[in-house]
Structures are given as structure tokens and as C-alpha cells.
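Listed here are the chains, written in short residue letters.
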Amino acid sequence: MCGIIGIISQTNVSERLLDGLKRLEYRGYDSAGIATLFDGHSIDRRRAEGKLENLIALVGRNPLEGTIGIGHTRWATHGHVTENNAHPMANTIVSVVHNGIIENFATLKEALQAKGCVFTSDTDTEVVMHLVSEAIKEGFSPLAAVQHTLTIVKGAFALAFIFSDHPDLLIAARKGSPLVLGITENELFVGSDAIALAPWVRTVCYLEEGDIAALTVKDGKSNVIILNESGATVQRPFRQTNITTDSISKGDYTHYMLKEIFEQPQTISDTVQSLISLEDTSFHAPLLAIPTTFDHIRIIACGTSFYAGYVAKYWFEKWAHIRTEVEIASEFRYRSPVFDGKTLNIFISQSGETIDTLSALLLVKSKNEPTIAIVNVPESSIAREADLVIQTMVGPEIGVASTKAFTAQLAILATLCLKFAKDKQTIAPDEWKHYFESLIHIPSVISELLRNDDVYQQLATHIYHVQHALYLGRGLNFPIALEGALKLKEISYIHAEGYPAGELKHGPIALIDHTMPVIVLAPDDEWFDKTLSNIQEILVRGAKVIVFTSKEGADKIAKQTKGIPCLGVVILPKTNSFTTPLLYTVPLQLLAYYTAYAKGTDVDQPRNLAKSVTVE
Ligand code: F6R
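Residues numbered from 1 in each chain as written. Predicted model: local features only at pLDDT ≥ 70, side-chain atom pairs only at ≥ 80, totals over all residues. Heavy atoms only, no water.

Draft legend 1. Structural context of the domain arrangement of the chain. Under the domain assignment used here, the chain contains domain 1 (3–240), domain 2 (256–450) and domain 3 (456–599). For domain 2 versus domain 3, the separation of C-alpha centres amounts to 26 Å. Opposite the 35 residues of domain 2 that make contact, domain 3 presents 30 residues. For the pairing of domain 2 and domain 3, the buried interface totals around 2,800 Å² over both sides, and the portion due to carbon and sulfur atoms is 78%. It is Tyr 307, Tyr 314 and Leu 449 that lose the most area in domain 2 upon contact with domain 3, and together they represent 21% of the buried surface on that side. Scanning the region where domain 2 abuts domain 3 turns up 1 salt bridge. Of the charged contacts, one joins Lys 318 and Glu 526 as a salt bridge, the two residues approaching to 3.1 Å between their closest N and O atoms. Summed over the shared surface of domain 2 and domain 3, the number is 8 residue pairs in polar contact (both at pLDDT 80 or more). Broken down by secondary-structure element, the contributors of at least two residues to the side of domain 2 that touches domain 3 are α6 (256–262), α7 (264–273), α8 (303–320), α12 (404–424) and α13 (429–450). (Domains from an automatic or database assignment. Contact = heavy atoms within 4.5 Å. Buried area = accessible area lost by both parts, 1.4 Å probe. Salt bridge = Lys/Arg side-chain N within 4 Å of Asp/Glu carboxyl O. Polar contact = N/O pair within 3.5 Å; in protein donor to acceptor, adjacent residues only side chain to side chain. Helix = DSSP H or I, 4+ residues; strand = E, 2+ residues; numbered from the N terminus.)

Draft legend 2. Looking closely at the site of the ligand. Around the ligand sit 15 residues in total, of which Ser 305, Ser 349, Gln 350, Ser 351 and Thr 354 are the nearest. Here an oxygen atom of the ligand and a side-chain polar atom of Ser 351 are 2.7 Å apart. Taking Ser 402, its main chain carries an N or O atom lying 2.9 Å from an oxygen atom of the ligand. When the free accessible area of the ligand is taken as 400 Å², the share hidden by the protein chains comes to 90%. Listing elements by their share of the shell around the ligand, those giving two or more residues are α8 and α15 (478–492). Looking at the shell around the ligand, its residues break down into 5 nonpolar, 8 polar and 2 charged. The residues that make up the shell around the ligand include at least three from each of domain 2 (256–450) and domain 3 (456–599). (Near = heavy atom within 4 Å. Areas by Shrake-Rupley, 256 points an atom, 1.4 Å probe, with all protein chains shown as cover. Nonpolar A, V, L, I, M, F, W, Y, C, P; charged D, E, K, R; others polar.)

Draft legend 3. Seen up close, the environment of Ile 412. Along the chain, Ile 412 turns up in helix α12. Once the C-alpha coordinates of Ile 412 and Val 272 are considered, the two residues, 140 residues apart in sequence, prove to be 6.5 Å apart. Those residues in contact with Ile 412, other than ones at most four positions away along the chain, are Thr 271, Leu 275, Ile 374, Ile 390, Gln 391 and Thr 392.

Draft legend 4. Up close: the packing of aromatic side chains. Taken as a whole and assessed by the stated rule, the structure comprises 19 aromatic pairs. Residues Phe 306 and Tyr 307 carry aromatic rings whose centres are separated by 5.8 Å and whose planes lie at 65° to one another, so their mutual orientation is edge-to-face. With respect to burial, Phe 306 and Tyr 307 carry one shared label: buried. Centre to centre, the rings of Phe 316 and Phe 420 are 5.3 Å apart; their planes meet at 80°, and the pair counts as edge-to-face. Of the two residues, Phe 316 sits in helix α8 while Phe 420 sits in helix α12, which places them 104 residues apart along the sequence. Relative accessible area serves as the criterion here: at 0%, Phe 316 is assigned to the buried category. Its relative accessible area of 3% is what places Phe 420 among the buried residues. Three or more aromatic residues joined by ring pairs form one cluster here, namely Phe 306, Tyr 307, Tyr 310, Tyr 314 and Phe 478. When the ring centre of Phe 283 is taken as origin, the NZ or CZ atom of Lys 419, which lies over that ring, is 5.9 Å away. Taking NZ or CZ as reference, Arg 607 lies 3.8 Å from the ring centre of Tyr 493, over its face. (Phe/Tyr/Trp six-rings, centres within 6.5 Å; stacked < 30°, edge-to-face > 60°. Buried < 20%, exposed > 50% of the residue type's maximum accessible area, 1.4 Å probe, protein only. Lys NZ or Arg CZ within 6 Å of the ring centre and 35° of its normal.)

Draft legend 5. Here's a closer look at unusual backbone geometry. Cis geometry is found at the peptide bond from His 87 to Pro 88, where omega equals 0°. By the element assignment, Pro 88 lies in the loop between β4 (68–74) and β5 (89–90). In this structure, Pro 286 follows Ala 285 across a cis peptide bond, with omega equal to 10°. With respect to the helices and strands, Pro 286 occurs in the loop between α7 and β16 (296–301). The phi torsion at Asp 219 lies on the positive side, around 50°, for a residue other than glycine. Relative to the assigned elements, Asp 219 resides in the loop between β12 (212–218) and β13 (221–227). Despite not being glycine, Tyr 493 has its phi angle at roughly 65°, a positive value. On the secondary structure map, Tyr 493 appears in the loop between α15 and β22 (495–500). Owing to a relative accessible area of 26%, Tyr 493 belongs among the partly exposed residues under this scheme.

In C-alpha cells form, the structure reads like this:
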């Protein structure tokens, strides 16, 4: 949510600010803006509602000069989506961009208004601007003014400031939301993530909680001073980033989402091989560091990551005999959960910044229970807080709807299941080997499936105009039905619900008529016959049924549903039930993608969605 960029250079920065914002678009936003110091003294800015194109056109018509500047993509929290509420906020003294929420802004605003400050927006950010400029008016230096302000505001945020009459100073502060510095000899950058800075820097430095960084470029030489929460100067590690413009390019694909769907054979394989040796099936660190003494497992996550956890419940219980609870983070943190000290807690998050998952992690830590984070961003807040981190090896995921991160999360959880099953000897060695081999083999099975993606384009032509859709699955594939429904609603805006097929008669069957597409996951597993009965029940009620199944499953369906054809029976390669969730996810991603494509929605940046949900 919200993206921040800042640059100090010796050449005009406005074009690069816009370029950086382009790479932050994937985070989700509804307005954007940039501010610079022109003539080195006065703040000037351009802001526009809606897509970045509007801002780029505005700057084209009315250019901004200046060798120092900040930029922002805003995802509205306080105040409507208007130009007035777009960042940067600015007065004649300071300009600021902000990601996060200032929780005590209402009281602060009242106090500042009583002092005579005039507010021109409805944002919480404007409070920060006034606090800093009031402090500067009282004689504080810009750095002292920011330090002072951060003792007053409460909440989770990242901030970047420029100041009139200070053409060589940019200040950045982190408390709860990530910020990374990009460092070269004669230019300095700040960004919400390293993706924003990819073309310009190889050396980056992640700020820690409570840090304030003063970035200066004087006489062509850059300098960074970082103060920690107590005001002491600290050194934070500089590291080399491997994020390049190539790694975040769309290549020949129409959308990032499609590219990321097609990357899955590679990303699943990379993820599994980072955890287990193919030669001797030994586990690599970090799996070796997982505690062995726990009674049960609790998995906590949001959205798609929650559904990955839901599949793991079936895996861990069936094959490793470990009682497993799955919790939606925003519910868990506000219930009164019981902590017994015997629970291993697994947090799943692509971004590693989801505020509810992070808060749930902090809650669990305060109860002294062990924590593991499965994340895609190793520098993220969730990764920093967890006792142990397991990384999904998928590279940056740019499409807002999660695809390759989800299947990599599944791959990690399947590998964990194999580890637990081996440790606890809950399955026979032959059976273990069979599942291990099927996990290693699944990337090539998915590659085979991806070779026939025209079938999904065909199916999409039948459903892109519908209002509603139902997804049904049983066992391990019930959470995949939930995930399939989420993908469809996120990117095509079609209302979709996932149900356990066995729940059909307990309510949702009332929705079935000839307008309702029902997408059924029916691998030829131990639940197949029951699912086949459900298929017959919905076919006779006129639904448009699309079934994903194996060759054997398709034969049985053809035999038993004679005379009432399904809209589509898609034959997927055969695999065993352990790995079906990985395989059956992919057709649902493709169906959602091609449906949204046929409908013409903004697939990579669906309306209202943000890639990392850093506010509640
Ligand atoms: C759906 C999607 C979201 C995220 C959710 C949690 O495609 O991407 O549902 O899964 O917002 O995000 P992370 O995994 O970053 O914690």
C-alpha cells in the first residue's frame, strides 16, 4: 500500500521520480504525486488522481525542475481519492510523503488547528507536515524537527521529507513500514522497496524500526547518517541487491500475472530444492533448525497465504499426524486465543509486511511460543520478527493477485510435511519416497499443463459475462477451491464463492440455475465418487459445470452423466493426492486470468487492491 520514492542527485530528478513510481504501481494506489525543490530553495509539486499516466501527463504539460525530490503513490485511508489528499503534502517549509497511518492524528489536528495551522487536506499525513514545520519555526533543525515529531505521532509508518532552503538534505524515517536506502557515490535514493530503485543502485541499506536517516549529497559526495530510536548514530549493513530491471520486466507476456503463472515450474522447483537435497533427501537449513518438541501447529495468515495454510492443515494432519489449526490473522489477534506453550506457530506472508499477520506474530512472540515465517521478502518485518525464516524462492511478485508465491508457499508446506512425517515416522519409507518423488516431479507436470492454456481461453469466453460463480472441492482441494474463487473475484470482479462440495446441499445449491457456472475440482482421489454425485446434482439443476479432473476421472464422469453434458471437462495430468493442490491451483489461475482478460479489467492492478496490506 502506498509507495515512496526519494532522490538526491545533481541532475533533474522528476523523470526518475516518475519512473520509480511506475515500479511501485504494483503495490496498489489511487493517486500519485511528486515534489522537488526548484532553484534549490522552494518546494514545488504536481499531484493527480487516478493512474500514474495522469501525473506523467501533468508533469509533461507543466514540468518540475530540481535535483532533489520525493514521490508517492497513495492508497487512500483518510480522505477521499482527490488531488488535494494526494501526497506529497507541502507548505513553504517542508514537503512529506507517508505510508501507513498516524493513529492519533485527530487529537493532534485539533491542537494544531487551535494553534492556527490551516489544513488543506483530510489526510493524517498533513499533521506530520505541520508538526515538522512548527518545530522548524521554533528553531529546530530539520533533523531535530523530524525527531521531535516522531516522539509525538503514534502508529505505523514510513516517511520521507525534503525542506525548502536545504537542497542537499532528504530525511527518511521508518516505524512499522519498510524503507530502503539506495547508495551510490554521488546520488542517494530512498524507496518503499528495492524494486523502485532497481535501475540506479546495487548497494542498498534497509532501515530498522525507529530509524531516521539523513541523506545528503554535497559537492558531488553522498553521505548517510542513521539515527536509531534513541537518537544514537548507528551503522546499518549495506548489502548488494540482486533485483535488476530484468528481474522485474514483463518480458513478452501481456501481464505480470500471466508471466508469474508460467514461472511456476521453475519457482516451485527452486523452492523445494532450497529445502531438500535431491540426491540423498536430506533436509537443508533452515528446516533442520525447526523445533522438534511441540504438540500441535498453528498457522496464521491472510488471504491467499491463509489458503496455503489451510491446505497444510490437511497435509500435516493426514501424513504427519499433527493437529493443526489455521487462523485468519485479523481474527486471531483480536480473539482471546489460548496459548499452551506447546504450539509451533507458522506465519505465511508473501510480502512479509501484512499488518494483521505481523501483529499476530508479535502477540504469539509475547507468549513465548516458537515462530516460523514463510515469506517471499527476507528483509520484511515478519521475517525480522520470526525465530526462523523460510523463503519462497520466487523473486519479486508484481501482479497484485498472488500466484507463484502461493504455489511456492504450498511447496514449502509440503516439504515441511515430509520432514515432520519422516521425523515422526508416520508414513512408511516407500510411501514417503513416493510423495517426495511426486513433489520433485510436480514442476514438470505443471509445465505439461501450461502447454495447453488455450483451453482456459475458450472456457473464459463462456463465463466472463456472468455475475456469480461457485467453486467446489473436497479434502485437500477445498482450500484450492477457495483460492480459485478469490482469484476470480480479485481480477475479474465476478462474485465467486468456494465451498466444500459436501456443503452444497446445506445451502448453496439454492443458487444453482442455468446462469450459474460451477467449477469443480475432482481429482481421481479418495473423494472422487462423492464429488461425482455432487456434479450430477448440479448438472440436473441446469448449472454450467466445468470440471477439472484426470483422464480416469473424465471417463467416469462421461459414463455417469450421459445426456447432460458439462460445459467443460478439463483433463489434467495424473498425480497423487499429496501433490494435487499444487497442480489444481494452476488451471484456476489461468481461468481467472483469461476471464479477466476477456472482460478487459486491469489484471495486474485490480481496483482497490494493494499488494502489501500495511494498514488494518
Ligand atoms: C490475493 C492476495 C492477497 C494476499 C493477502 C496476504 O491474491 O494476494 O489475498 O494473499 O493480502 O498478503 P501477504 O501474503 O503478503 O501477507
